[in-house]
Amino acid sequence: MSQIKPTKNGSSKPESVRGQLAELNRQFEGTHPDRVLAWASGTFGAKAVIGTGFGPSGIFLIHRAHILGLVTPVFYLDTQLLFEETYALRDKLEQKLGISIHKVSPDLSVREQAEKHGEELWNRDPNHCCYIRKVAPLKKYLSDKEAWITGIRRNQSVTREDTQIVEYDAVSDVIKINPLAAWDNDRIWDYIRKHDLPYNPLHDEGFPSIGCIPCTSPVAEGEDERNGRWRGEEKIECGIHFSDVTGRFERDA
Ligand code: SF4
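Residues numbered from 1 in each chain as written. Predicted model: local features only at pLDDT ≥ 70, side-chain atom pairs only at ≥ 80, totals over all residues. Heavy atoms only, no water.

Enquirer: How do you make sense of the side chain of Thr79 when you look at a structure like this?
Expert: Note that Thr79 resides in the loop between strand S2 (74–77) and helix H4 (84–97). Judged by its relative accessible area of 1%, Thr79 falls in the buried class. If sequence neighbours within four positions are ignored, Thr79 has contacts with Val110, Arg133, Lys134 and Cys212. (Helix = DSSP H or I, 4+ residues; strand = E, 2+ residues; numbered from the N terminus. Buried < 20%, exposed > 50% of the residue type's maximum accessible area, 1.4 Å probe, protein only. Contact = heavy atoms within 4.5 Å.)

This is how it looks when you write it as structure tokens:
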């Protein structure tokens, strides 16, 4: 198995890394996520971190890492605009698994953001708001990490259908690992029910994808699970997984 060890701060070579990624993806396609998680932990140790928004995919990965006895830290982006059900779920997971989930916070509180950029920036410029509350804090947190493990899946939305199991994230200069890229929602939910794992009760009220309160709504039957995010906007990604908005706001965050 290839041992990718990119050096931080721009000295890694995306072209050569991509060459190794193709081989890894060939080996991992069709295998169980456990194999990918174990490889990530074996290759990067505690410099590989699981990021979660407390959706079903994240719960699955956190539980598998726990069962496998991996030292992989877990973090979440606390925009300070999450549902109380989401914070309660964080507490339940910590208690049930005996783990500590690291909170990554934006530089500005919601009040400070309003003072600097006006009230309810999410209504006027959600890309800017996501940059301040998610993209920039993530980049800062990952600056001393080597690999970022996510729960994104190909069938979540059109924007995610090309997701590879192992990718290079040029924005944060980390290897991005998506062990569930090929999995579907039903398989993950079967696992959560079988193991009686806690989940966000809002999922039972028509919210398949849950983010910040102002930008989350229920979805209708037949819609993609992420269609309830930023309802009324073209936006269906916050920018942490896709870099099209990243960097535009760097001087003005
Ligand atoms: Fe702001 Fe909405 Fe993005 Fe949350 S999801 S950071 S409230 S724009």
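Enquirer: What exactly am I supposed to notice about the pairing of strand S5 (residues 166–169) here?
Expert: Put simply, side chains in a regular strand alternate between the two faces of the sheet. Burial of the side chains of S5 extends over both faces: Val166 and Tyr168 are buried on one face and Glu167 and Asp169 on the other. When S5 meets strand S6 (residues 174–177), the two strands line up antiparallel, connected through four bridges. The partner of Tyr168 across the bridge, within S6, is Ile175. Here S5 hands over to S6 after four residues, with Asp173 in that stretch at a positive phi of 55°. (Pairing = 2+ DSSP bridges.)

Enquirer: For this particular structure, what's the right way to read the site of the ligand?
Expert: For the ligand, the set of nearby residues contains ten residues, the closest of which are Pro126, Cys129, Cys130, Cys212 and Cys215. Judged by its atoms lying within 2 Å of the grid points, the ligand is housed in the second largest cavity. A total of five residues in the shell around the ligand trace back to one element, the largest contributor, which is helix H7 (residues 126–141). Of the residues that constitute the shell around the ligand, the class distribution is eight nonpolar, no polar and two charged. (Near = heavy atom within 4 Å. 1 Å grid on protein atoms, 1.4 Å probe; cavity = no way out; pocket = protein on both sides within 12 Å on 5 of 7 lines; lining within 4 Å. Sits in = over half its atoms within 2 Å of the grid points. Nonpolar A, V, L, I, M, F, W, Y, C, P; charged D, E, K, R; others polar.)

Enquirer: Explain the environment of Phe54 to me, please; I cannot follow it from the model alone.
Expert: Within the secondary structure, Phe54 sits in the loop between strand S1 (48–51) and helix H3 (56–67). A sequence separation of 33 residues divides Phe54 from Tyr87, and the C-alpha atoms of the two residues are 9.1 Å apart. Setting aside residues no more than four positions away along its own chain, Phe54 makes contact with Ile59, Tyr76, Thr86, Leu89, Arg90, Leu93 and Ile101.

Enquirer: Just to check I follow, could you spell out the packing of H3 against helix H8 (residues 185–194) for this structure?
Expert: In helix packing, the relevant descriptors are the interaxial angle and the interaxial distance, both defined with respect to the helix axes. As a packed pair, H3 and H8 sit with axes 9 Å apart at the nearest point and diverge in direction by 50°. Between H3 and H8, the interaxial angle falls into the category oblique. In the packing of H3 onto H8, the handedness of the crossing is left-handed. Each of Pro56, Ser57, Ile59, Phe60, His63 and Arg64 in H3 lies in contact with H8, whose residues at this interface are Asn185, Ile188, Trp189, Tyr191 and Ile192. (Axes fitted to C-alpha atoms, helices over the stretch in contact; angles between N-to-C directions. Parallel < 35°, antiparallel > 145°, perpendicular 65-115°, else oblique. Left-handed = near helix turned anticlockwise from the far one by under 90°.)

Enquirer: Teacher, can you tell me more about H8 here?
Expert: Structurally, the α-helix is built with 3.6 residues per turn, so residues lying three or four positions apart point the same way. Inspection of H8 places Ile188, Trp189, Tyr191 and Ile192 among the buried residues, and these make up the whole buried set. The buried residues of H8 occupy an angular sector of 155° when projected down its axis, which confines them to one face. Residues of H8 that are exposed and point more than 90 degrees away from the buried face comprise Asp186, Arg193 and Lys194. Looking at the packing, one finds that the buried side of H8 touches H3. Of the residues that open H8, the one with a side-chain oxygen 3.2 Å from the backbone nitrogen of Asp186 is Asp184. Looking one or two places after H8, you find Asp196, whose phi comes out positive at around 50°. (Arc of directions from axis to C-beta. Polar contact = N/O pair within 3.5 Å; in protein donor to acceptor, adjacent residues only side chain to side chain.)

Enquirer: What should I look at first to understand the nonpolar core in this one?
Expert: Here is a general trend for soluble globular proteins: nonpolar side chains tend to be buried in one another's company. Among the nonpolar cores identified, the biggest contains 47 residues, and Trp39, Ile149, Val166, Ile175 and Ile177 are the most heavily contacted of them. Contact partners of Val166, with chain neighbours within four places excluded, come to Leu21, Leu24, Asn25, Phe28, Trp39, Ile175, Lys176 and Ile177. Of all hydrophobic cores here, the second largest spans 14 residues; its members include Val104, Tyr131, Trp148 and Ile240. (Core = buried A, V, L, I, M, F, W, Y, C linked by side-chain atoms within 4.5 Å.)

Enquirer: Any chance you could explain the pairing of S1 here in plain terms?
Expert: Taking every second residue as pointing to the same face, both faces of S1 are buried, with Ala48 and Ile50 on one and Val49 and Gly51 on the other. Examined bridge by bridge, S1 and strand S4 (residues 147–149) share three bridges and lie parallel to one another. The residue of S4 that forms the bridge with Ile50 is Ile149. Inspection of the sheet shows S1 paired to S2 by two bridges, in the parallel sense. Within S2, the position partnered with Ile50 by the bridge is Val74. Considered for its hand, the β-α-β crossover made up of S1, H3 and S2 is right-handed. (Right-handed = clockwise from strand over helix to strand, strands pointing away.)

Fair warning: the whole summary comes from geometry, so function is off the table for now.
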